[in-house]
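# Coordinates in review
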Amino acid sequence: KLLNTLAFEFRNNDNQKALKYGLEARDLAQKIVYIHGLMIAETNLGWISYRRDETPNAISYAVKALKEAKILGDQDAQMNNLNTIGCIYNDQQK
C-alpha cells in the first residue's frame, strides 16, 4: 500500500519517482498475488505513463486496471481508468 501511495503522491510533480514506486508496487502485487494492489498500481502507472507521453503504456495499464476494477467491483477505480483513457483519446484529437 505504501508504494502505491507514494506513486500516487508523486504522479503529477515527479513522474520519475512515481514510475519507480509504481513499478515496485506492481511487481510486489504480482509476486504476492494481490489483485487489488495490482489494480491500484496499474491505475497509477496508466496515469503516470499518460503524463510522460507514453501513450501505448498508458492505454495498456489503464485497460488492464479497468478490467481488474470491474472484476473487483471498484467503481471509483473504473472511473479513474476511464478518465485516463478519455484523456489519452482527447489529447490525440488535438
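Keep in mind that what you see is a predicted model, and the values were worked out from it rather than measured. (Residues numbered from 1 in each chain as written. Predicted model: local features only at pLDDT ≥ 70, side-chain atom pairs only at ≥ 80, totals over all residues. Heavy atoms only, no water.)

### Points about the overall build of the chain
A tally of regular secondary structure across the chain gives 5 helices and 0 strands. The secondary structure elements of the chain, listed N-terminal to C-terminal, are α-α-α-α-α. Relative to the globule expectation of 12 Å for 94 residues, the C-alpha radius of gyration of the chain, 12 Å, shows essentially globular dimensions. In terms of overall dimensions, the chain has C-alpha extents of about 40 × 30 × 20 Å along its principal axes. Relative to its full complement of 94 residues, the chain shows a buried share of 38%. Looking at the chain alone, contacts between residues at least 24 apart form 51% of all its contacts between residues at least 6 apart. Of the accessible surface of the chain, which amounts to about 5800 Å², a share of 54% is contributed by carbon and sulfur atoms. (Helix = DSSP H or I, 4+ residues; strand = E, 2+ residues; numbered from the N terminus. Rg over C-alpha atoms; globule rule 2.2 N^0.38 Å. Buried < 20%, exposed > 50% of the residue type's maximum accessible area, 1.4 Å probe, protein only. Contact = heavy atoms within 4.5 Å. Areas by Shrake-Rupley, 256 points an atom, 1.4 Å probe, with all protein chains shown as cover.)

### So, the environment of Q78
For Q78, the position within the fold is in helix α5 (residues 75–92). As a C-alpha pair, Q78 and A65 span 13 residues in sequence and 7.8 Å in three-dimensional space. Apart from residues no more than four positions distant in its own chain, Q78 is found in contact with L66, A69, K70 and G73.

### Some words on the pattern of salt bridges
Under the defined criterion, the tally for this structure stands at 3 salt bridges. K20 serves as the salt-bridge partner of E24, at 2.9 Å between the closest nitrogen and oxygen. One end of the pair, E24, and the other, K20, are both in helix α2 (residues 15–31), 4 residues apart, so they sit about a helical turn from each other. Overall, the relative accessible area of 33% leaves E24 in the partly exposed class. (Salt bridge = Lys/Arg side-chain N within 4 Å of Asp/Glu carboxyl O.)

### Considering the packing of aromatic side chains
Applying the stated criterion across every chain yields a total of 2 aromatic pairs. Centroid distance F10 to Y21: 6.0 Å. Interplanar angle 25 degrees. Geometry classified as stacked. One end of the pair, F10, is in helix α1 (residues 2–10); the other, Y21, is in helix α2, and 11 residues separate them in sequence. Judged by relative accessible area, F10 falls into the partly exposed class, the value being 22%. Ring centres of W47 and Y50 lie 4.8 Å apart, and the angle between their planes is 45 degrees; this geometry places the pair in the tilted category. With W47 and Y50 both in helix α3 (residues 35–51) and 3 residues apart, the pair spans about one turn of that helix. For W47, a relative accessible area of 17% translates into the label buried. Its guanidinium or amino end placed over the ring of F8, R11 lies 3.7 Å from that ring's centre, counting from NZ or CZ. (Phe/Tyr/Trp six-rings, centres within 6.5 Å; stacked < 30°, edge-to-face > 60°. Lys NZ or Arg CZ within 6 Å of the ring centre and 35° of its normal.)

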